[in-house]
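Fold and geometry: a report
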Amino acid sequence: MHNKKLEEYRLERLDEMTIADMQEEMDQGNLTSEELVLMYKENISLRGQHTHAVLELNPDALLIAQALDFERRQTGPRSRLHGIPILLKDNIDTGDKMHTSAGSLAMKDHYALRDAKVAEKLRQAGAVILGKTNMTEWANFMSDKMINGYSSRGGQVKNPFGDFDVGGSSSGSAAAVASNLAAGAIGTETSGSIINPAAQNSLVGIKPTVGMASRTGIIPLSHTQDVPGSLARTVADAVALFEVIVGCDPEDPITTFAAPFEDYNWKQHLKKDGLQGAKLGVARGLFKKINDEQAVLFEKALEALRANGAEIIDGIDLGVEQEDLGFAVLQHEFKANLNAYLAKSNPNQPIRSMEDVIAFNNKHPEKMLKYGQNMLEQANGMTGMLTEREYVEALERNRFLAAEPGMKKVLKTIGVDALVLPQDYGCNIGASAGFPSITVPFGYCEKGEPFGLTFSGLAFTEPSLIEYAYAFEQAVKGRRKP
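A short tour of the structure in this document, coming up. In this text the structure is predicted, and so the values were computed from the model without any measurement.

Cut-off values and rules
- Residues numbered from 1 in each chain as written.
- Predicted model: local features only at pLDDT ≥ 70, side-chain atom pairs only at ≥ 80, totals over all residues.
- Heavy atoms only, no water.
- Buried < 20%, exposed > 50% of the residue type's maximum accessible area, 1.4 Å probe, protein only.
- Helix = DSSP H or I, 4+ residues; strand = E, 2+ residues; numbered from the N terminus.
- Arc of directions from axis to C-beta.
- Contact = heavy atoms within 4.5 Å.
- Phe/Tyr/Trp six-rings, centres within 6.5 Å; stacked < 30°, edge-to-face > 60°.
- Salt bridge = Lys/Arg side-chain N within 4 Å of Asp/Glu carboxyl O.

1. Things to note about helix H11 (residues 354-363)
Among all positions in H11, only Met354, Val357, Ile358 and Asn361 are buried. One side of H11 holds all its buried residues, which, seen down the axis, span an arc of 95 degrees. Considering only its buried residues, H11 is in contact with helix H10 (328-343), helix H12 (365-368) and helix H13 (374-380).

Have a look at this one:
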């Protein structure tokens with residue numbers, strides 16, 4: 001494709017193209033992976049300055065795309081992601097020429113020694129890792145005053161839909177995909193960090209069960225709750241990414257649970273009638289602070305679910321509220337996990353501990369302490385040994401409250417298949433239990449702020465959640481381009 005034709009294609013066809021569309025075009029010889037990379041780079045150079053969503057580009061992306069095009073001609077595509085440009089959140093290691101910094105200038109010179117397991121799996125599937133996305137610094141665990149989407153390294157991520165909260169901490173991953181700067185992105189979640197930005201940017205976000213995908217090589221916050229997941233414009237695209245990152249990793253023992261899903265056919269769950277006979281629960285105690293516009297949209301979403309065959313069981317009491325859980329588990333685990341990661345990081349990287357991060361920030365206050373670092377300091381005040389009574393009690397309380405007498409018991413007793421929630425309200429209940437959620441675009445408030453519906457289920461119920469999400473998406477077609 002020559003320059004003029006490529007520019008026309010970018011302007012007329014590229015935006016909102018699905019991964020399936022791209023594969024069809026490449027199979028028919030109308031498009032190459034190299035051209036896709038060039039067009040997305042053009043979009044990033046034009047639109048990226050407005051959103052600050054992309055931190056840096058992979059210098060080898062074009063060469064990788066050329067090699068994948070050659071491979072397609074010789075032996076055919078490896079997978080549904082062959083030649084597809086994907087962005088990664090800046091806390092995911094890549095053993096290439098890109099940095100991994102968790103959004104912090106303290107880590108701006110850090111080159112990971114090897115790929116994170118999820119990055120490795122994407123490359124094996126033939127995806128092109130296009131670049132790294134900006135994120136809320138240290139996964140929103142630096143300061144309780146920090147705004148979603150801000151980092152010292154990348155500045156403030158903006159919501160492409162307008163002057164609204166961009167969500168976090170996978171802010172850049174969401175804003176980039178919403179702005180059509182890549183086909184999809186990988187984010188990470190500890191408590192709302194995929195679901196929240198997906199809802200705020202009118203995207204599909206899949207937050208898997210803890211144990212579905214490896215955390216090896218991801219700058220950590222909490223080993224109890226951290227998990228990588230996918231962000232895309234459609235459910236099918238989010239599933240195409242999700243299915244590649246699922247699987248066992250000997251270095252992350254919890255992923256033993258993913259064994260049954262190693263070569264699983266996820267596509268079978270993209271069913272237009274996926275809501276038929278589903279029993280979906282509404283726990284209104286989880287979203288008491290919802291505003292009037294969102295409340296109206298939520299009721300309309302419930303009507304759409306009923307119209308497509310779902311039974312809505314309203315007024316469920318989980319017997320637990322978000323406030324019951326607190327942040328003690330994350331606070332204690334953050335120090336232990338981050339210190340372990342930094343100690344094993346590239347020896348040329350001078351930041352070796354949380355102590356070093358805090359010292360660096362104090363040394364460069366004008367650049368680093370716009371919002372302070374009280375959460376880092378509090379986490380650093382812990383021993384990092386995870387022996388504290390407060391930690392053990394909080395861990396037991398969270399796991400017990402969220403999982404056993406909370407979601408698990410109530411859903412099974414009442415016979416509910418999953419919960420439905422507005423936006424990301426209540427998502428930290430499922431996150432504390434390690435359970436999965438999927439959010440789907442539904443509509444917009446009067447001023448244009450996106451609104452999504454979230455399906456939240458028990459561990460390893462992703463097949464069912466994907467069916468509900470896909471059927472709902474196909475019925476309501478709730479997304480529009482920013």
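Moving on, there is more to tell.
2. Considering the packing of aromatic side chains
The tally for this structure, following the rule as stated, stands at 15 aromatic pairs. Judged by centre distance (5.1 Å) and plane angle (75 degrees), the ring pair of Tyr150 and Tyr371 falls under edge-to-face. One end of the pair, Tyr150, is in strand E4 (residues 150-151); the other, Tyr371, is in the loop between H12 and H13, with 221 residues separating them in the sequence. According to the relative accessible area criterion, Tyr150 is buried, its value standing at 11%. Classification of Tyr371 by relative accessible area gives buried; the value is 17%. Centroid distance Phe455 to Phe472: 5.9 Å. Interplanar angle 75 degrees. Geometry classified as edge-to-face. With a gap of 17 residues between them, Phe455 in strand E13 (residues 450-456) and Phe472 in helix H16 (residues 462-476) connect regions that are remote in the sequence. Judged on exposure class, the residue Phe455 and its partner Phe472 are both buried. Each member of the aromatic cluster is reached from another via a ring pair, and the members are Phe242, Phe257, Phe261, Tyr264, Trp266 and Phe460.

3. As for the pattern of salt bridges
Opposite charge on two side chains makes pairing possible when the charged atoms of those side chains draw close. With the rule as written, the count across this model stands at 22 salt bridges. With a shortest N-O distance of 3.1 Å, Asp96 and Arg123 are connected by a salt bridge. Pair noted here: Asp96 is in the loop between strand E2 (85-89) and helix H5 (117-124) and Arg123 is in helix H5, with a separation of 27 residues, a long-range link. The partner of Glu393 in a salt bridge is Arg389, with the nearest N and O atoms 3.5 Å apart. Placement of both Glu393 and Arg389 in helix H14 (residues 389-414) is noted, with a separation of four residues, approximately one turn of the helix. By relative accessible area, Glu393 is classed as partly exposed at 39%. Judged by its relative accessible area of 53%, Arg389 falls in the exposed class.

Scope: geometric values only; no functional claims are made or implied.
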